[in-house]
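Architecture at a glance
So the chains spell out like this:
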Amino acid sequence: MKKNQLLLFLILLIATAFPHTALPQTDVYLKVYKRTFQRMNLALHPFTSKNNGGEADMIRGLIGAVLKNDLWMSGYFNVELQLVASPVNGASSSGTDNFFAAIHGSFAIAENLVSIEPQVIDKASGSVIHRSNYKQPVGNERSAIHKIADDIVYTLTGESGFANSKVAYVQETKNGWKEIAVMDYDGSNINVVTQDKSINLSPVWSPDGRKLCYTSYKNDNPDLYILNLTTGQEVKISDVNGLNTAPAWSPDGSRIAMTLTKDGNAEIYTVHVDRKFTQRLTYSRAINSSPTWSPSNREIAFTSDRSGMPQVYIMDSDGLNIRRLTFEGSYNDSPAWSPRGDKIAFVSRTDSGFDIYTIDVNGENMMRLTDSSRSNEDPTWSPNGFSLIFSSNRNGKKQLYSMFWDGAAQKKLTEININYLPSWSVR
Amino acid sequence: MKKIFCLKTTMILLFSLMLVTGCGGSKEVVDYEPRPDPFPQPEEEPFDGRPDVVEKADIIKEDVTEKEDYFELKPPALRTIYFEFDESRLTENGRAVLAENARWLMENKSDIVRIEGHCDERGTVEYNLALGQRRAVAVRDYLVNLGVSRNRMLVLSFGKERPVSFGNNEKAWGQNRRAEFVKL
């Protein structure tokens, strides 16, 4: 008996010593496993400040707008903006009581720094369940607000938010050059990261979010490059004769799957990022392209026209065990594996154009997400697999749009130039 | 009594620990029953003769100054050939044009050319890159068969990234599904 007790005590000790691996650090209010659930109602009160004037009003407005959009886009919350900034500790601050929690806060501007202090208050108990403080230079408040949104998502759901995630894409300028650009997931904060005056295509993120891999024609052949966004350093990763296109970074970061034509036909290969050796995965006389990894790192979905038309297939990541995933429609391409592992988004040719669909990895539940008479292409998943960003020319030029996983809430993100081939960062 | 309570709490804690760590893995289903292909024939669209290359004038009218040089590089005697939708097979017309191009290449033996494969705007970027490559390779291989030295011809695919005609109609698509010759 005593022995057993000691053992249990030891296990408990270990469990408390590593709280992160054992038990959630904070109370989790909603644990989400399914894709369908009721959104939680949150009350968002205007942040207070000792500062007055136009700048303070602008920052207050920005906090309200960005936080509301971030929390709504997370998929978990309905946010209602409140008119009054209630006392920070007030549990019954608003008249209605159907709110799950209330968000209050204050900010201060001093010496070109904005300091924002949000608080999340549980409506039932009136207690503060989250409090933090973020400082950013004036003009850079958005990243602090995105962090606050992610904190709130984590506090209330236990899931990581993605308000700080980025989207890389191809921007075609007026003179026809196609450069790689990066923006916040909500379409703000656009940075063009290449100045090659060439054709650059298909950017994808490294799993750590620090690098981009993409195809560039700047040396008269579509070669693959890796650009380190922190250092600005660029290295060639594959430059064999012919196509070096359609990169897909493996979730473990070690390999990049891609399309090469060096052996005569478009086939899928992987290249080891550090050791540079390549391995061939597909052997067929048809086109094989557009690989996308399963989050488990064990499988790759890709497009092949081996049946006479492009269809989506899945294989093990060593190239074995190839099986066809899509059977409906005469042109299915551009697969994107959800980070949740359950669904694959792809593009299908319809009577009216091209539309985005999802299908479960077992080939069931094919679902149409877009329905417009033009082209809806290039689906890419949010880090939590709840939303997608894609390109569409439904309003003329190709622009980027976002929507939820079921096709709801389609929203235009970009306006200037032509923008396509989005890739949502992994975190 | 207290001990039992302690034990119970411990068990509950341990069990919840197992739950927390056990639910992380992603669900994957691997068994598939191959089904018969419901659409065995690829869709094909009528191809009405070869489109003319007059579109070049339209291009230069666009504000693209850099692209002018690009077209000047092209030798006038080598003609562009055209393809059907999602096809890299040479048409009757394409073969005839290539026979003329082959004669030109045999007469101008010092010239090295690049065959550039292009596609219409339909379909995805990456698939069309592969399709454009296939078209350029089909043209090169045909010329090799006609006696042109293989190492005088490079191939390059631009997919659908460099259209010559910007409409969303059958005519524009037909003009964009092409293989061009660029003298290097």
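Because the structure is a prediction, the values reported are computed rather than measured.

We now examine the overall build of chain B. Counting its secondary structure elements, chain B contains six helices and four strands. Of the regular secondary structure in chain B, the N- to C-terminal order runs α-α-α-β-α-β-α-β-α-β. Here chain B, with 184 residues, has 46% of them falling under the buried criterion. Long-range pairs, those at least 24 residues apart, make up 77% of the contacts in chain B between residues at least 6 apart in sequence. Accessible area of chain B: about 10,200 Å², with a carbon and sulfur share of 57%.

The secondary structure content of chain A amounts to four helices and 31 strands. In chain A, buried positions account for 57% of the 427 residues. The long-range share in chain A, meaning contacts at least 24 apart out of those at least 6 apart in sequence, stands at 42%. With an accessible surface of roughly 17,900 Å², chain A has 50% of that area assigned to carbon and sulfur atoms.

Turning next to helix 5 (residues 125–145) of chain B. All names here are of chain B. The terminal C-alpha atoms of helix 5 lie 30 Å apart, and with 21 residues this matches the ideal 30 Å at 1.5 Å per residue to within 8%. In terms of burial, helix 5 is largely enclosed, as 16 of its 21 residues are buried. Gly147 lies just past helix 5 and shows a positive phi near 105°.

On to the pattern of salt bridges, then. Per the stated rule, a full pass over the model turns up 32 salt bridges over all chains. For Asp141 of chain B, the salt bridge identified is with Arg140 of chain B, shortest N-O distance 3.3 Å. Of the residues examined, Asp141 of chain B reaches a relative accessible area of 32% and is grouped as partly exposed. Judged by relative accessible area, Arg140 of chain B falls into the buried class, the value being 13%. A salt bridge links Asp141 of chain B to Arg150 of chain B; the nearest nitrogen and oxygen atoms lie 3.9 Å apart. One salt-bridge network, in which partners are shared between bridges, spans Lys262, Asp263, Glu267 and Arg280 of chain A.

Time to look at the packing of aromatic side chains. All names here are of chain A. Tallied over the full model, the rule gives 14 aromatic pairs over all chains. For the pair Tyr76 and Phe77, a centre-to-centre distance of 6.1 Å together with 70° between the ring planes defines the contact as edge-to-face. Judged by relative accessible area, Phe77 falls into the buried class, the value being 0%. Between Phe390 and Tyr401, the ring centres sit 5.8 Å apart and the planes meet at 25°, which makes this aromatic pair stacked.

Residues and elements named next belong to chain A. Pairing is antiparallel in the open sheet, where four strands are placed in the order 15-16-17-18. A strand with exactly one partner marks an edge of an open sheet, and here the two such strands are strand 15 (244–249) and strand 18 (278–280). When the angles between neighbouring strand axes are averaged without regard to direction, this sheet yields 30°.

Attention now goes to the confidence of the model for chain B. Residues and elements named next belong to chain B. Looking at chain B as a whole, its pLDDT mean stands at 73, while 59% of the residues score no less than 70. Note that residues 1–5 has pLDDT below 50 and, in this model, one contact with residues that lie over four places away or in other chains. Within the model, the stretch residues 13–74 combines pLDDT values under 50 with 96 contacts to residues more than four positions away or in other chains. This prediction of the complex comes with two scores: 0.80 for pTM and 0.84 for ipTM.

A low pLDDT score tells you not to read the predicted coordinates there in detail. In this model, chain A carries an average pLDDT of 89, and 89% of its residues clear a pLDDT of 70 or more. Counting interchain partners and residues more than four positions distant, the pLDDT-below-50 stretch residues 6–32 of chain A has 40 contacts.

Okay, the sheet that holds strand 10 (residues 191–192) of chain A next. Residues and elements named next belong to chain A. The strand order across the open sheet formed by four strands is 10-9-8-31, and the pairing between neighbours is antiparallel. Each edge of the open sheet carries a strand with a single partner, namely strand 10 and strand 31 (418–424). Pairing geometry for strand 8 (residues 166–172) and strand 31, over five bridges, is antiparallel. Looking at strand 31, one finds that Gln171 is bridged to Asn419.

Further remarks concern the side chain of Asn376 of chain A. Residues and elements named next belong to chain A. Among the structural elements, Asn376 can be located in strand 27 (residues 376–381). For Asn376, the side chain forms a polar contact with the side chain of Ser392, separated by 2.8 Å. Setting aside residues no more than four positions away along its own chain, Asn376 makes contact with Val347, Phe354, Asp355, Ile356, Thr370, Phe390, Ser391, Ser392 and Arg394.

This part is about unusual backbone geometry. Residue and element names in this part refer to chain A. Positioned with a positive phi, Ala246 is a non-glycine residue whose angle comes to about 55°. For Ala246, a relative accessible area of 1% gives the class buried. Not every positive phi belongs to a glycine, and Leu421 is a case in point at roughly 50°. Using a relative accessible area of 8% as the deciding quantity, one classes Leu421 as buried.

We now examine the nonpolar core. Within the largest apolar cluster, 42 residues are counted, with the highest numbers of intra-cluster contacts made by Leu67, Leu71, Phe77, Ile103, Ile116 and Ile152 of chain A. It is helix 3 (residues 54–73) of chain A that provides the largest number of residues to this core, a total of eight residues. Apart from residues no more than four positions distant in its own chain, Leu71 of chain A is found in contact with Leu42, Tyr76, Phe77, Val79, Ile103, Ala149, Ile152 and Val153 of chain A. Tyr420 of chain A together with Phe85, Tyr127 and Phe158 of chain B belong to the second-largest nonpolar core, a separate cluster that totals 39 residues.

Residue and element names in this part refer to chain B. Orientation of helix 4 (residues 92–107) relative to helix 5, taken along the N-to-C sense of each, is 60°, at an axis distance of 10 Å. Judged on the interaxial angle alone, helix 5 and helix 4 are oblique. Crossing of helix 4 over helix 5 shows right-handed handedness. Seen from helix 4, the contacting residues are Arg95, Leu98, Ala102 and Leu105; seen from helix 5, they are Val139, Tyr142 and Leu143. Classifying every residue of the contact of helix 4 with helix 5 by side-chain character gives six nonpolar, no polar and one charged.

Residue and element names in this part refer to chain B. Together, Ile112, Leu154 and Leu184 make up a nonpolar patch on the protein surface, roughly 260 Å² of accessible area in all. By the secondary structure assignment, Leu154 is in strand 3 (residues 153–159). Judged by its relative accessible area of 42%, Leu154 falls in the partly exposed class.

This paragraph deals with the pairing of strand 17 (residues 267–272) of chain A. All names here are of chain A. For strand 17, the buried fraction is high: six of the six residues fall into the buried class. Because side chains alternate across strand 17, one face comprises the buried residues Glu267, Tyr269 and Val271, and the other comprises Ile268, Thr270 and His272, equally buried. Where strand 16 (residues 255–260) meets strand 17, six bridges bridge the pair, whose relative direction is antiparallel. Residue Thr259 lies in a different strand from strand 17, and its bridge partner there is Ile268. Here strand 16 folds back onto strand 17 in antiparallel fashion, the turn holding six residues, of which Gly264 has a positive phi close to 110°.

Criteria and cut-off values
- Throughout this description, residue numbers start from 1 for each chain and increase along the sequence as written.
- Each chain is given a letter, starting from A, and each ligand a number, starting from 1, according to the order in which they appear as written.
- The predicted nature of this model means local features are confined to residues of pLDDT at least 70 and side-chain atom pairs, given and counted, to a pLDDT of 80 or more, with totals for whole chains, interfaces and linings taken over all residues.
- Here the side-chain values reflect all heavy atoms present in the structure, with hydrogen atoms and water set aside.
- Helix numbers and strand numbers start at the N terminus; a helix is a DSSP run of H or I with at least 4 residues, a strand a run of E with at least 2.
- Here the term buried applies to any residue with accessible area under 20% of the maximum for its type, exposed to any over 50%, and partly exposed to those in between, with areas from a 1.4 Å probe on protein chains only.
- Contacts are assigned to residue pairs that have any heavy atoms within 4.5 Å of one another.
- Note on areas: these come from Shrake-Rupley sampling with a 1.4 Å probe, and a residue is covered only by the protein chains present in the view.
- Multiplying one less than the number of residues by 1.5 Å gives the expected span of a helix.
- What counts as a salt bridge is simple: a side-chain nitrogen of Lys or Arg found within 4 Å of a carboxyl oxygen of Asp or Glu.
- Note on aromatic contacts: the rings of Phe and Tyr and the six-membered ring of Trp form a pair at centre separations within 6.5 Å, being stacked when their planes are under 30 degrees apart, edge-to-face when over 60 apart, and tilted otherwise.
- If DSSP finds at least two bridges between two strands, the strands pair.
- Axis geometry follows a simple rule: fit a line to the C-alpha atoms, using only the stretch in contact for helices, then measure angles between N-to-C directions, giving values from 0 to 180 degrees.
- What pLDDT reports is the predictor's confidence in each residue, on a scale of 0 through 100.
- Throughout this description, a polar contact denotes any pair of N or O atoms lying within 3.5 Å of each other; where both atoms belong to protein, one of them has to be capable of donating a hydrogen while the other can accept it, and for residues adjacent in sequence the pair is counted only when both atoms sit in side chains.
- Here, nonpolar core refers to any group of buried Ala, Val, Leu, Ile, Met, Phe, Trp, Tyr and Cys residues whose side-chain atoms link them within 4.5 Å.
- For classification purposes, an angle smaller than 35 degrees is called roughly parallel, one larger than 145 roughly antiparallel, one from 65 to 115 roughly perpendicular, and anything else oblique.
- With the far helix as reference, a near helix turned anticlockwise by less than a right angle produces a left-handed crossing, and one turned clockwise produces a right-handed crossing.
- Three categories are distinguished: nonpolar for Ala, Val, Leu, Ile, Met, Phe, Trp, Tyr, Cys and Pro, charged for Asp, Glu, Lys and Arg, and polar for the others, with Gly belonging to the last.
- Nonpolar side chains (Val, Leu, Ile, Met, Phe, Trp, Tyr) are joined into patches within 5 Å and like charges within 9 Å, using only residues with over 30% relative accessible area and no salt bridge.

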